[in-house]
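Below, each chain spelled out in residue letters.
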Amino acid sequence: MSGPAVAVRDLHVSLDGVPILAGVDLTVAPGEWVTVIGPNGAGKSTLLRAVGGLLATPGAVSLFGTPSEALRRRDRARVVATVAQSPVVPPGMTVLDYVLLGRTPYIPPLGRESAADLAAAHDVLDRLDLTGFHDRELATLSGGERQRVFLARALAQGATLLLLDEPTSALDIGHQQEVLELVDQLRRAHGLTVLATMHDLSVAGEYADRMVLLADGRVVASGTPREVLTEQLLAEHYRASVRVVDGEHGPLVVPVRPEPRTVRAE
Ligand code: ADP
Ligand code: MG
């Protein structure tokens, strides 16, 4: 397969008759990290679901040069791994069994996981600071631990394209950095492509090669973090009062309380 890792052309999505995405274009090169930002309800998760093959998108989405609808389920799973914003937690399932679900595309139908599948699952659990969690039930984990398990499953899948929908929103600042550094290391070592959404704009800008600002189902800005994270664009599309200052690895976005409106006493 060749061509851009992700090519989205004039994507329109309506859900229950409501237009959610209206003519979205997006290209992600192999090895690139692109982060989609935008206010709540802008359509970020819907865009990632469309790219991940969870929505019908006739003719609008290609992965590595292959039209999405031409990919069979098993082949798609080797190409693209998704961490959804709120994954469904199968009741009673242990951490190890959940991470092994990521190996499904490599296990023959009616077969069992191989030693290599188990080794891949253990390796990724170790890397995500989850050694010792193998036999715990998912339901007993903290929100942050569970979020790392979701990522572990996606990484164990060994896909070349990672779709990460707010992968760090439940993590403390230390685990947030650890997880994003790990994803970036894997990207550099194995040429992974990352398409993510994130709410922390400073962190988003530190890791992304390019950013796309989505508002009301349309791309309203795209470019380097410096081009997209501007006080003007953030004021316009988030109605946020922020200052953007230069950081070591990109612009830092600092929320600043707006001037209080003067209330005149009667
Ligand atoms: P974001 O991830 O940017 O917060 P989403 O992609 O989750 O936004 O949602 C975009 C819009 O689509 C929201 O207004 C949401 O309410 C709406 N939406 C999502 N799923 C459905 C659905 N199944 N039916 C109707 N509207 C939906
Ligand atoms: Mg979302």
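Keep in mind that what you see is a predicted model, and the values were worked out from it rather than measured.

In terms of regular secondary structure, the protein chain is built from 9 helices and 12 strands. For 266 residues, the compact-globule estimate of 2.2 N^0.38 gives 18 Å, and the C-alpha radius of gyration of the protein chain, at 20 Å, lies within 12% of that figure. Dimensions of the protein chain, computed from C-alpha atoms along their principal axes, come out at roughly 75 × 45 × 40 Å. Sorting the 266 residues of the protein chain into buried and exposed places 47% on the buried side. Look at the contacts in the protein chain between residues 6 or more apart in sequence, and 63% of them connect residues 24 or more apart. Of the accessible surface of the protein chain, which amounts to about 13700 Å², a share of 51% is contributed by carbon and sulfur atoms. Positive and negative side-chain charges of the protein chain, numbering 25 and 32 respectively, have mean locations separated by a distance of 4 Å.

On to helix α6 (residues 173-190). Compared with an ideal rise of 1.5 Å per residue, which puts 18 residues at 26 Å, α6 spans 26 Å between its outermost C-alpha atoms and is within 8% of the ideal. Its buried side turned inward, α6 meets β3 (33-37), α4 (115-127), α5 (143-156), β7 (161-165), β8 (193-197) and α7 (201-207). Once α6 ends, the next one or two residues include Gly-191, with phi positive near 65°.

Quick look at the sheet that holds strand β6 (residues 80-83) now. Pairing is mixed across the open sheet formed by 6 strands, whose spatial order is β6-β7-β8-β3-β9-β10. Strands at the two margins of the open sheet, each flanked by one partner only, are β6 and β10 (218-223). The mean angle between the axes of side-by-side strands here comes to 15°, regardless of whether they run parallel or antiparallel. Pairing of β6 with β7, which is carried by 4 bridges, proceeds in the parallel orientation.

Think of it this way: four donors in a tetrahedron around the metal ideally sit 109.5 degrees apart, and six in an octahedron ideally sit 90 or 180 degrees apart. Taken together, Ser-45 (OG) and Gln-85 (OE1) make up the protein donors of the magnesium ion (ligand 2), found 2.1 to 2.2 Å from the metal. Placement of Ser-45 in helix α1 (residues 44-51) and of Gln-85 in the loop between β6 and α3 (95-100) is noted, with a sequence separation of 40 residues between them.

Moving on to the UniProt feature "domain: ABC transporter" (unreviewed entry) in the protein chain. Under the present numbering, the feature "domain: ABC transporter" (unreviewed entry) in UniProt falls on residues 6-241. Secondary structure over residues 6-241 splits into 36% helix and 24% strand, and the C-alpha atoms at its two ends are 33 Å apart.

Moving on to the side chain of Thr-168. Among the structural elements, Thr-168 can be located in the loop between β7 and α6. With relative accessibility at 6%, the residue Thr-168 sits in the buried group. Among the polar contacts listed, one links the side chain of Thr-168 to the side chain of Gln-176, at a separation of 3.5 Å.

Attention shifts here to the sheet that holds strand β4 (residues 61-63). The strands that make up a sheet are held in pairs by hydrogen bonds between backbone atoms, and each pair lies either parallel or antiparallel. With antiparallel pairing, 4 strands are arranged side by side in an open sheet as β2-β1-β4-β5. Pairing within the sheet leaves two strands with one partner each, and these edge strands are β2 (18-28) and β5 (66-67). Pairing of strand β1 (residues 6-15) with β2 involves 8 bridges; the strand directions are antiparallel. Bridge assignment links Val-8 to a residue of β2, and that residue is Leu-26. Against the sheet, α1 contacts β1, β2 and β4, and its axis sits at roughly 120° relative to β1.

Reading the values: rules and limits
- Residues numbered from 1 in each chain as written.
- Chains lettered and ligands numbered in written order.
- Predicted model: local features only at pLDDT ≥ 70, side-chain atom pairs only at ≥ 80, totals over all residues.
- Heavy atoms only, no water.
- Helix = DSSP H or I, 4+ residues; strand = E, 2+ residues; numbered from the N terminus.
- Rg over C-alpha atoms; globule rule 2.2 N^0.38 Å.
- Buried < 20%, exposed > 50% of the residue type's maximum accessible area, 1.4 Å probe, protein only.
- Contact = heavy atoms within 4.5 Å.
- Areas by Shrake-Rupley, 256 points an atom, 1.4 Å probe, with all protein chains shown as cover.
- Lys, Arg positive; Asp, Glu negative; His and termini not counted.
- Charge placed at Lys NZ, Arg CZ, Asp CG, Glu CD.
- Expected span 1.5 Å × (residues − 1).
- Pairing = 2+ DSSP bridges.
- Axes fitted to C-alpha atoms, helices over the stretch in contact; angles between N-to-C directions.
- Donors = N, O, S within 2.8 Å, 3.2 Å for Na, K, Ca; no water.
- UniProt positions renumbered as here; feature names shortened; annotations may be inferred.
- Polar contact = N/O pair within 3.5 Å; in protein donor to acceptor, adjacent residues only side chain to side chain.

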